[in-house]
Amino acid sequence: MYDVSIITVNYNSSDDTLNMIESVENKTTLSYEIIVVDNNSSIEEYKKLEILKTKENIKLIRSRLNLGFAGGNMLGFKEANSKYLFFLNNDTLLINNVIDILYKDCENDNNIGLISPQLFDENINKTTTFRYFPTVSEKYLGKGFSNFISTKKRYNNKKEYENIIDVEVVSGASMFFNKECFENINGFDTDFFLYCEEEDLSKRVIDYGLKVCFEPNAHLIHLCGKSTGRNFKIEREFIISYFKLLDKHFGFIRRGLLKLHIFLKYLFKANKNETNKKLFNFIFQKNKQKYSLRNEQKMSDE
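Numbers given for residues are sequential positions, taken from 1 along each chain in its written order. It should be noted that, the model being predicted, local features are given only for residues of pLDDT at least 70 and side-chain atom pairs only at 80 or more, the latter also being counted only at that level, while totals for whole chains, interfaces and linings use all residues. The side-chain numbers reported here are obtained from all heavy atoms of the structure, hydrogens and water having been left aside.

*Asks:* Would you explain the packing of helix α9 (residues 232-249) against helix α10 (residues 252-269) in this entry?
*Replies:* Two quantities define a packed helix pair, namely the angle between the helix axes and the distance between the axes. Note on definitions: angles span 0 to 180 degrees between N-to-C directions of axes, and those axes are lines fitted to C-alpha atoms, for helices only across the stretch in contact. Helix numbering and strand numbering both begin at the N terminus, where a helix is a DSSP run of H or I of at least 4 residues and a strand a DSSP run of E of at least 2. Remark: α9 packs on α10, axes separated minimally by 9 Å, with the N-to-C direction vectors making an angle of 160°. As summarised for this structure, α9 and α10 are arranged roughly antiparallel, according to the angle between their axes. As for the relative orientation of α9 and α10, their crossing is right-handed in sense. Contact residues: α9 offers Glu235, Ile239, Tyr242, Phe243, Leu246, Asp247 and His249, while α10 offers Arg254, Arg255, Leu258, Lys259, Ile262 and Tyr266. Here the contact of α9 with α10 is composed, by residue class, of seven nonpolar, one polar and five charged. Each angle is binned into one of four classes, with values under 35 degrees roughly parallel, values over 145 roughly antiparallel, values of 65 to 115 roughly perpendicular, and all other values oblique. Throughout, a crossing is termed right-handed when the near helix is turned clockwise from the far one, and left-handed when it is turned anticlockwise from it by less than a right angle. The contact rule is simple, with two residues in contact once any of their heavy atoms fall within 4.5 Å. Ten residues, namely Ala, Val, Leu, Ile, Met, Phe, Trp, Tyr, Cys and Pro, are considered nonpolar, four, namely Asp, Glu, Lys and Arg, are considered charged, and the remaining ones, Gly among them, are considered polar.

Next up, the structure:
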């Protein structure tokens, strides 16, 4: 059994995946395995990864369908043989010994269910790594008021910290799990195809009784979504996932108020361009899931 299973999903960004793996190899002293799930990339992109088959501690899995972020990671999880799981975006690079640090944190505190490192952009500027679960007070009255009325400590994600802090939601780009916790909360909800997986997972870890933490001393570059880009369908997918998140975790009144906030947001943006107008109209669709990108693909023959 390995100390850590590093699970990453590749979709038409194999050079990023290979660079990420090289950074792991250069910065990690623990025993680890790397599980690469190729989410039905083009055959040209997949062939770039075949060199990984020569490495003893790397498993390469080829999916004939794009399973999305959650589905791809769950496919990789099924092959994991370790005490801890590190779900790591393929467009990341380790700056320091991130995995060793997060492993030590979890070994020292059994109450940590999920922990994430400090993220940096490609220019080594710090970026937002944690946030809080959406609340009605924050959406309508701002973060300051929401923090003021909160019954627990809410840290400012713009400030710098020296030690581990407890937060509510960490970045989905780098999620280090106690494997037992991950199994007991049933892992990723694969009904989420893209977006909001980290909110859902973080909420379930806390509901399970363990902590979600941010580790400021582990440093990781995140190149941010190079395999997806931004367009109408991607923006629509966020709305689909966000509404699912609200339906899953909120009661009738709070869910309604948060959906109203999204309605108002796109109402004010609708006249700016055609994309926003289409997104505003999409909010009124009753069965949003049928428009998911999950349903717009064919199984590969490769």
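*Asks:* Any chance you could explain the packing of aromatic side chains here in plain terms?
*Replies:* Working definition: an aromatic ring pair is given by the centre-to-centre distance plus the angle between the planes. Pairing of aromatic rings covers Phe, Tyr and Trp, the last through its six-membered ring, and needs centres within 6.5 Å; plane angles under 30 degrees mean stacked, over 60 mean edge-to-face, and all others mean tilted. Enumeration over the complete set of coordinates arrives at 21 aromatic pairs. Judged by centre distance (5.4 Å) and plane angle (45°), the rings of Phe263 and Phe280 are tilted. Highlighted residues: Phe263 in helix α10 and Phe280 in helix α11 (residues 274-282), separated in sequence by 17 residues. Exposed residues in this analysis have more than 50% of their type's maximum accessible area, buried residues have under 20%, and partly exposed residues fall in between, with area computed by a 1.4 Å probe over protein chains only. Relative accessible area serves as the criterion here: at 14%, Phe280 is assigned to the buried category. Here the aromatic cluster, defined as three or more aromatic residues joined through ring pairs, consists of Phe69, Phe77, Phe87, Phe177, Phe182 and Phe188. One cation-aromatic arrangement involves Arg236 over Phe282; the distance from NZ or CZ to the ring centre is 5.9 Å. Placement of a positive charge over a ring is assigned whenever Lys NZ or Arg CZ falls within 6 Å of the ring centre and within 35 degrees of the normal to the ring plane.

*Asks:* What should I look at first to understand a positive patch on the surface in this one?
*Replies:* Each patch groups residues whose relative accessible area exceeds 30% and which form no salt bridge, using 9 Å between like charges and 5 Å between nonpolar side chains of Val, Leu, Ile, Met, Phe, Trp and Tyr. Only the protein chains shown count as cover for residues, with accessible areas throughout obtained via the Shrake-Rupley method and a probe of 1.4 Å. By definition here, a salt bridge exists when the distance from a side-chain nitrogen of Lys or Arg to a carboxyl oxygen of Asp or Glu is within 4 Å. Counting rule applied: Lys, Arg positive; Asp, Glu negative; His and chain ends not counted. Here the site of a charge means atom NZ of a Lys, CZ of an Arg, CG of an Asp or CD of a Glu. A contiguous patch of positive charge, built from Lys139, Lys143, Lys158 and Lys265, is present on the exposed surface. Within the secondary structure layout, Lys265 lies in helix α10. What makes Lys265 partly exposed here is its relative accessible area of 36%.

*Asks:* What's the story with the side chain of Glu237 in this structure? I'm lost.
*Replies:* Tracing the chain through its elements places Glu237 in helix α9. With no salt bridge to any partner, buried Glu237 finds its closest opposite charge in Arg236, at an N-O distance of 5.7 Å. Those residues in contact with Glu237 that lie beyond four places of it in its chain are Phe193, Leu194, Tyr195, Ser292 and Leu293.

*Asks:* Please explain unusual backbone geometry as it appears in this structure.
*Replies:* For residues besides glycine, phi is generally negative; the peptide bonds are generally trans as well. The phi dihedral of Asn186 is positive, around 70°, even though this residue is not glycine. Note on placement: Asn186 falls in the loop between α7 (179-184) and α8 (197-208). Look at Asn186 and you get exposed, because its relative accessible area is 60%.

*Asks:* Even after reading the chapter, I still don't get the pairing of strand β11 (residues 211-222), so can you show me in this structure?
*Replies:* Along any regular strand, the residues point their side chains to alternate faces of the sheet. Extensive coverage of β11 is indicated by the burial of nine of its 12 residues. When DSSP locates at least two bridges between a pair of strands, those strands are taken to pair. In this sheet, β11 lies alongside strand β5 (residues 92-94) in antiparallel orientation, the contact comprising three bridges. Pairing of Leu94 across the sheet is with Leu220, part of β11. Of the strand pairs in this sheet, strand β6 (residues 112-120) and β11 are connected by eight bridges, and their pairing is parallel. Looking across to β11, one finds that Phe120 is bridged to Ile221.

*Asks:* What is the right way to look at a nonpolar patch on the surface in this model?
*Replies:* Residues Tyr140, Leu141, Phe145, Phe148, Ile149, Phe252, Ile253, Leu257 and Leu260 make up a contiguous nonpolar surface patch of roughly 980 Å² in combined accessible area. Where the nonpolar patch is concerned, the elements lending two or more residues are α5 (136-141), α6 (143-149) and α10. Considering each element in turn, the nonpolar patch owes the most residues, four residues, to α10. Assignment of secondary structure puts Tyr140 in helix α5. Looking at Tyr140, the relative accessible area reads 36%, which means it is partly exposed.

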